[in-house]
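# Remarks on the overall topology
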Amino acid sequence: MSKEKFQLPDRYKTVGNSVWNEFTQLAIEHKPLNLGQGFPDFPAPDYVTKALADVAAGEEALLHQYTRGFGHVRLVNALSKLYSKLIGRPIDAFSEILVTSGAYEALFSSIGGHTRPGDEFIIIEPFFDCYEPMVLAAGGKPVYIPLRPKSTTGNGPTTSADWVLDPDELASKFNSNTKAIILNTPLNPLGKVFTVDELTTIANLCKKWNTLCISDEVYEWMTYKPNKHVRIGEFYY
């Protein structure tokens, strides 16, 4: 039997081993203090585990069957109520909310569902490791722009806020082939929280070039004073 028929498809051949697989294996072998993935060393709150146990042991059999494909009705209604207040406009629970199995599926679906061969995706460096392979696998073209350190006077330590996009350089990355820019705020791995001015610049460029902004805000609830998390969705309406 020829193995060539079952080789990895070309669209995945550029995808290397995940850094998480690499570091997890190293942690298993060498047993260090693993700071790479942020595993909490404390249990979930009792009310969370109790609610899960109540559902699992409950008499409502339909809760163990297929749910609505776009998200359970109670869940999307709750998300609509929460994010309508945060975004500042009504969000329709049944036409504007899609529940996925974690951020990976959300990103994979958002990128794959909008990509034609040759579409360009602006990726801000440094970036979470899945953005690039997802764009490549979908047939898109990554276009990179780095965060650069501001010139400082030497007063105090350098922080993540000192890493910024050059507005002119950013504008030069947009063109008629740009399908989307991938924004991560707060940003992994720097911890940078994008400011209102920075988000306004990005939003205006997206509007000018009719470009999507795929905003990965998975750390939105881990923003600490004096920083404030601002959702770029607020700028589109």
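What comes next concerns the included structure. Remember, predicted model here, so these are calculated numbers, not experimental data. (Residues numbered from 1 in each chain as written. Predicted model: local features only at pLDDT ≥ 70, side-chain atom pairs only at ≥ 80, totals over all residues. Heavy atoms only, no water.)

This brings us to empty space enclosed by the protein. Any empty space left between atoms is shown by rolling a water-sized probe over those atoms. A full pass over the atoms with the stated rule returns 1 cavity of 30 Å³ or more. Here the largest cavity defines a volume of roughly 40 Å³. Lining the largest cavity are Ile123, Ile124, Pro126, Phe127, Phe128, Tyr131, Ile182, Asn184, Leu187 and Asn188. Counting only elements with at least two residues in the lining of the largest cavity, the list comes to β1 (120-125) and β5 (178-184). The residue makeup of the lining of the largest cavity, split by class, is 8 nonpolar, 2 polar and no charged. (1 Å grid on protein atoms, 1.4 Å probe; cavity = no way out; pocket = protein on both sides within 12 Å on 5 of 7 lines; lining within 4 Å. Points joined across faces, edges and corners; volume = space filled by probe spheres on them. Helix = DSSP H or I, 4+ residues; strand = E, 2+ residues; numbered from the N terminus. Nonpolar A, V, L, I, M, F, W, Y, C, P; charged D, E, K, R; others polar.)

Turning to the environment of Ala27, a few remarks are in order. Inspection of the secondary structure puts Ala27 in helix α1 (residues 19-30). In this structure Ala27 comes out as buried when scored by relative accessible area, which is 16%. Ignoring sequence-local partners within four residues, the contact set of Ala27 consists of Pro32 and Asn34. (Buried < 20%, exposed > 50% of the residue type's maximum accessible area, 1.4 Å probe, protein only. Contact = heavy atoms within 4.5 Å.)

Position of Arg116 relative to the elements: it lies in the loop between α4 (102-112) and β1. Taking the relative accessible area as the measure of exposure, Arg116 reaches 60% and is therefore exposed. As for Arg116 and Ala138, which are separated by 22 residues in sequence, their C-alpha atoms are 7.6 Å apart. Among residues more than four places away in sequence, those in contact with Arg116 are Gly139 and Lys179.

Next up on the list: α1. Helix length check: α1, at 12 residues, gives a terminal C-alpha distance of 16 Å against a target of 16 Å (1.5 Å per residue), a fit within 8%. Looking one or two residues past α1, Lys31 carries a phi angle of roughly 50 degrees, positive in sign. (Expected span 1.5 Å × (residues − 1).)

It is worth spelling out the nonpolar core at this point. Judged by nonpolar contacts, the single largest core of 21 residues is most densely connected at Ile124, Ile181, Phe194 and Ile202. For this core, the secondary-structure elements that each account for two or more residues are β1, β2 (141-146), β5 and α7 (196-208). The dominant element in this core, judged by the number of residues it contributes, is α7, at 5 residues. The contact partners of Phe194, leaving out residues within four places of it in the chain, are Ile124, Leu147, Leu165, Leu183, Asn184, Thr185, Leu187, Leu199 and Ile202. Counting residues in hydrophobic clusters, the runner-up holds 12 residues, among them Phe128, Tyr131, Met134 and Val135. (Core = buried A, V, L, I, M, F, W, Y, C linked by side-chain atoms within 4.5 Å.)

Moving on to the sheet that holds strand β6 (residues 212-216). The strand order across the open sheet formed by 4 strands is β2-β1-β5-β6, and the pairing between neighbours is parallel. Either end of the sheet is taken by a strand with one partner, and the two such strands are β2 and β6. The average undirected angle you get between the axes of adjacent strands in this sheet is 25 degrees. Relative to β5, β1 runs parallel, the two being bridged by 4 bridges. The residue bridging Glu120 from the neighbouring strand is Thr178, located in β5. Contacts between α4 and the sheet are confined to β1, β5 and β6, with β6 contributing the most and set at about 170 degrees to the helix. (Pairing = 2+ DSSP bridges. Axes fitted to C-alpha atoms, helices over the stretch in contact; angles between N-to-C directions.)

Keep in mind these values describe shape, not function.
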